[in-house]
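# Fold and geometry: a report
What follows is the residue order along each chain.
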Amino acid sequence: MILCGHRGVASLAPENTLAGLREAHRLGLEWVEIDVQLTRDEQVVVIHDEKVNRCTNGKGWLRQYDRDELGRLDAGSWFDPAFSQERIPLLTDYLTLAATLGIRVNIELKLYPQDDAARLCRRVSEVIEQHGFDKDTLLFSSFEPDCLRQLQMLQPDIARALLVERIPYDWQTQLQQLNCTGLNCHHRHLTRVLAEAVKAAGYRLNCYTVNHTGKAATLAAWGVDMIFTDTPQDYLNAGWRPS
Ligand code: G3P
Ligand code: MG
């Protein structure tokens, strides 16, 4: 089972920063997961929350910041003063470093209520096209089916996973309609029966956010392909391999 660093390696470096990506590389991970959104001037940036308060020294709604203003915020000191030079990365810079380090990236498109799916997906697609990132090293996911529909049209060659908390009763219909290759679900609601059904139908099955090796062992036995974890170092210390 693959260990995917959640938001980089969220327990060892500030989440969704280049420092986290470097940490993932140091640990030998093959995959990381990040969250992306748009600034006011339509730059794709790597950040989870719709406000900058929790993970920077700024305040307010991300969508009200231009990239330049955002780039001045300290995105590391909240985690540890040693990371005070970290900034909220542009997706371009994140993927450039990931390509250099040989790390694959699950790009989660975060769509908050006031956001526009078409706009976010168009800009993400433009970043990938403009910089010629290797499409085989990327995976898109989103809780918002409309994002997956848009991405299917814009970037049909990049794999897509439907992201859900609980697997819906009509999961197979949804995956077929969205032409997804996989399902990313919360581990809390997964059962052996459901996991085996998803795998038997030929889909990849990934679980978030699994920070206990015992739980992960159970998921591996059920056929789960990949887990998102904040603490990959615990797995590696226990003898797990990154993939
Ligand atoms: O993509 C898996 C996981 O990151 C989804 O939840 O809130 O951590 O982005 P969240
Ligand atoms: Mg995420």
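Criteria and thresholds
Residues numbered from 1 in each chain as written. Chains lettered and ligands numbered in written order. Predicted model: local features only at pLDDT ≥ 70, side-chain atom pairs only at ≥ 80, totals over all residues. Helix = DSSP H or I, 4+ residues; strand = E, 2+ residues; numbered from the N terminus. Rg over C-alpha atoms; globule rule 2.2 N^0.38 Å. Buried ≥ 20, exposed ≤ 12 C-beta atoms within 10 Å, placed from the backbone. Contact = placed C-beta atoms within 7 Å. Core = buried A, V, L, I, M, F, W, Y, C linked by C-beta atoms within 7 Å. UniProt positions renumbered as here; feature names shortened; annotations may be inferred. Near = placed C-beta within 6 Å. Nonpolar A, V, L, I, M, F, W, Y, C, P; charged D, E, K, R; others polar. Axes fitted to C-alpha atoms, helices over the stretch in contact; angles between N-to-C directions. Parallel < 35°, antiparallel > 145°, perpendicular 65-115°, else oblique. Left-handed = near helix turned anticlockwise from the far one by under 90°. Pairing = 2+ DSSP bridges.

- In the nomenclature of an unreviewed UniProt entry, the chain corresponds to Glycerophosphoryl diester phosphodiesterase from the organism Oceanisphaera arctica.

### Describing the overall build of the chain
- Summing up its helical and strand segments, the chain has 9 helices and 9 strands in all.
- Radius of gyration (C-alpha) of the chain: 17 Å, near the 18 Å computed for a compact globule of 243 residues.
- Expressed as a percentage of its 243 residues, the buried residues of the chain come to 44%.
- A fraction of 54% describes how many contacts in the chain between residues 6 or more apart in sequence connect residues 24 or more apart.

### Description of the nonpolar core
- Of all hydrophobic cores here, the largest spans 72 residues; its most connected members are Val-32, Val-36, Leu-109, Val-124, Leu-183 and Ile-227.
- Here the element with the most residues in this core is strand S2 (residues 31–38); it accounts for 5 residues.
- For Val-124, the residues in contact, after removing those within four places along its chain, are Val-36, Val-44, Leu-91, Ile-107 and Leu-109.

### What about the UniProt feature "domain: GP-PDE" (unreviewed entry) in the chain?
- When the UniProt feature table is mapped to this numbering, "domain: GP-PDE" (unreviewed entry) covers residues 1–239.
- Along residues 1–239 the backbone is 34% helical and 20% strand, and the end-to-end C-alpha distance reaches 13 Å.

### Re the site of ligand 1
- The environment of ligand 1 is formed by His-6, Glu-33, Asp-35, His-48, Glu-108, Ser-141, Leu-163, Asn-184, Tyr-208, Thr-209 and Phe-228.
- The class makeup of the residues in the shell around ligand 1 is 3 nonpolar, 5 polar and 3 charged.

### Topic: the packing of helix H4 (residues 117–131) against helix H5 (residues 145–154)
- Put simply, H4 and H5 touch, their axes get as near as 9 Å, and they point 40 degrees apart. The pairing of H4 with H5 is recorded here as oblique in orientation. Judged by the sense of rotation from one axis to the other, the crossing of H4 with H5 is right-handed. Taken together, the residues of H5 that come into contact with H4 (itself represented by Ala-117, Ala-118, Leu-120, Cys-121, Arg-122 and Ser-125) are Asp-146, Cys-147, Gln-150, Leu-151 and Leu-154.

### Brief notes about the environment of Cys-180
- Relative to the helices and strands, Cys-180 is located in the loop between helix H6 (171–177) and strand S7 (182–186).
- What makes Cys-180 buried here is the crowd of 23 C-beta atoms within 10 Å.
- It is 33 Å that separates the C-alpha atoms of Cys-180 and Ala-238, two residues lying 58 residues apart in sequence.
- Residue contacts for Cys-180: discarding those within four places in its chain leaves Leu-148, Arg-160, Ala-161, Leu-162 and Leu-175.

### Comments concerning the pairing of strand S6 (residues 159–164)
- Of the strand pairs in this sheet, strand S5 (residues 138–142) and S6 are connected by 4 bridges, and their pairing is parallel. Bridge pairing in S6 places Phe-140 opposite Arg-160.
- Sheet analysis places S6 next to S7, joined by 4 bridges and oriented parallel. Looking at S7, one finds that Val-164 is bridged to Cys-185.

### Points about unusual backbone geometry
- Unlike most non-glycine residues, Arg-7 shows phi in positive territory, near 55 degrees.
- With respect to the secondary-structure elements, Arg-7 resides in the loop between strand S1 (2–6) and helix H1 (18–27).
- For Arg-7, a count of 24 C-beta atoms within 10 Å puts it in the buried group.
- Even without a glycine there, the phi angle at Glu-42 is positive, about 60 degrees.
- Examined against the element boundaries, Glu-42 turns out to sit in the loop between S2 and strand S3 (44–46).
- Given 13 C-beta atoms within 10 Å, Glu-42 falls into the partly exposed group.

### Thoughts on the environment of Leu-91
- Inspection of the secondary structure assignment puts Leu-91 in helix H3 (residues 91–101).
- Judged by C-beta crowding, with 23 C-beta atoms within 10 Å, Leu-91 ranks as buried.
- With 53 residues separating them along the chain, Leu-91 and Glu-144 place their C-alpha atoms 19 Å apart.

### A look at the packing of H3 against H4
- Their axes nearest at 10 Å, the elements H3 and H4 cross at an angle of 45 degrees. With respect to H4, the element H3 is oriented oblique. Of the two possible hands of crossing, H3 and H4 adopt the one that is right-handed. Facing H3, whose interface residues are Leu-91, Thr-92, Leu-95 and Thr-96, H4 presents Val-124, Val-127 and His-131.
- The residue makeup of the contact of H3 with H4, split by class, is 4 nonpolar, 3 polar and no charged.

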